[in-house]
Amino acid sequence: MFQLLVETIYSASLRKYIWQRDCGTVMLKFTHFIPNKFQLFRFIAVITICWIIFCSQVLPHGTRMHNRFCSSNATNNSSTELVPDPVRQYAVENNLVLPDDLKKPSWCKQKRSMLNPMPVFYVHIQKKYWQVEPFGYWQLKKLPCFLMASPVVFFVACGSLVELNRLRTLRGSIFVALWYSLQDPCSLIPFLVHSLLLTALALVLYNVEVLTRITFSSSPFIYLVLAQYMDHRTPLITLEDVQYPTLLPFLTNFSRTHWSHLLLLLYLLGYLYIGTLLFVNWLPFT
């Protein structure tokens, strides 16, 4: 449907915009677009149902937390039952907010927006305990987290530049290339934009140490970038490699071509092994 809309505005075969073509061609495009109104209705219905399910889970939780932390009756009657003694002691030692501390929660005065079903305390907690705000994570003590995420930032940036240069070379102009990419179902542009947004937001907004996990788990772009890079720089497997195969012959041949390739392979395998061991044991590794 989106491709039909793009073709209605601009015809790649005729190289004409909608105002440069005859009315018959434009009306023909709209007749093809009309049957897809049922797909549009189905899309809107699915989004609405998902939104209702999401709100049905989030809104009651926000209301319950607001009643427990911001209502004097609730805190006076059940503060002891809500918080066990070990949790209360830990909260007092670390200056955390308890249900009976009505003066501490600043989010109690915030009003909920109908367009944003997230609980009002979510933003305040993220900002107070995890510095989730624009440039709030830019602290000297967070430098190791930025260093840990730097390889992923490098992969995404280099992959984006290579893909954009390839499109510009193919089409002559980056804007024309992007326009044609909107009509190509096999284009990497959607994944590129998605990865760039995740990387940019991690650098300036949310916790940068989760960038590696989020990027590798939410977008195939970084996998495609690394796979293309390794494929173009790995020599073909010879007959000797087949007769006397080493452990992971493709990766072994790749690591022998250049010292930087060996570092890249050590990073990927080391992150897979060490990261898995530490993460499943709740140790600080992302």
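Before reading on, note that the structure itself is shown above.
Everything in this summary refers to the structure shown in the same document. Because the structure is a prediction, the values reported are computed rather than measured.

**Focus: the pattern of salt bridges**
Note that side chains of opposite charge can pair when their charged atoms are close.
Then, number 1: Under the defined criterion, the tally for this structure stands at 1 salt bridge.
Then, number 2: In this structure, the salt-bridge partner of Arg166 is Glu163, at a minimum N-O distance of 2.8 Å. Taken as a pair, Arg166 and Glu163 lie in helix H7 (residues 143-171) at a separation of 3 residues, close to a single helical turn.

**Considerations on the packing of helix H11 (residues 221-233) against helix H14 (residues 259-280)**
Then, number 1: Two elements in contact, H11 and H14, have axes whose closest approach is 12 Å; the angle formed by their N-to-C orientations is 140 degrees. Overall, the two elements H11 and H14 adopt an arrangement that is oblique. Where H11 crosses over H14, the handedness of that crossing is left-handed. In contact with Leu226, Tyr229 and Arg233 of H11, H14 contributes His261, Leu264 and Leu268.
Then, number 2: Residues belonging to the contact of H11 with H14 are distributed by class as follows: 4 nonpolar, 1 polar and 1 charged.

**Looking at the side chain of Thr215**
Then, number 1: Here Thr215 shows up in helix H10 (residues 211-218).
Then, number 2: Among the polar contacts made by the side chain of Thr215, one reaches the main-chain carbonyl oxygen of Leu211 at a distance of 2.7 Å.
Then, number 3: Not counting chain neighbours up to four residues away, the residues in contact with Thr215 comprise Val152, Val156 and Ile222.

**Focus: the environment of Val83**
Then, number 1: Here Val83 is to be found in the loop between helix H4 (72-82) and helix H5 (85-93).
Then, number 2: Exposure remark for Val83: the relative accessible area of 7% places this residue in the buried category.
Then, number 3: In this structure, the C-alpha to C-alpha distance between Val83 and Leu98, residues 15 residues apart in sequence, is 8.0 Å.
Then, number 4: Once residues lying within four places of it in the same chain are set aside, the contact partners of Val83 are Arg88, Leu98 and Pro99.

**A word on the nonpolar core**
Then, number 1: Formed by 21 residues in total, the largest nonpolar core has its most connected members in Val152, Tyr206, Val208, Leu211 and Ile222.
Then, number 2: For this core, the secondary-structure elements that each account for two or more residues are H7, helix H9 (189-204), H10, H11, helix H13 (249-257) and H14.
Then, number 3: In terms of residues, this core owes the most to one element, H7, which gives 6 residues.
Then, number 4: By size, the runner-up hydrophobic cluster in this structure holds 6 residues, among which are Met65, Phe69, Trp107 and Val120.

Reading the values: the criteria
Residues numbered from 1 in each chain as written. Predicted model: local features only at pLDDT ≥ 70, side-chain atom pairs only at ≥ 80, totals over all residues. Heavy atoms only, no water. Salt bridge = Lys/Arg side-chain N within 4 Å of Asp/Glu carboxyl O. Helix = DSSP H or I, 4+ residues; strand = E, 2+ residues; numbered from the N terminus. Axes fitted to C-alpha atoms, helices over the stretch in contact; angles between N-to-C directions. Parallel < 35°, antiparallel > 145°, perpendicular 65-115°, else oblique. Left-handed = near helix turned anticlockwise from the far one by under 90°. Contact = heavy atoms within 4.5 Å. Nonpolar A, V, L, I, M, F, W, Y, C, P; charged D, E, K, R; others polar. Polar contact = N/O pair within 3.5 Å; in protein donor to acceptor, adjacent residues only side chain to side chain. Buried < 20%, exposed > 50% of the residue type's maximum accessible area, 1.4 Å probe, protein only. Core = buried A, V, L, I, M, F, W, Y, C linked by side-chain atoms within 4.5 Å.

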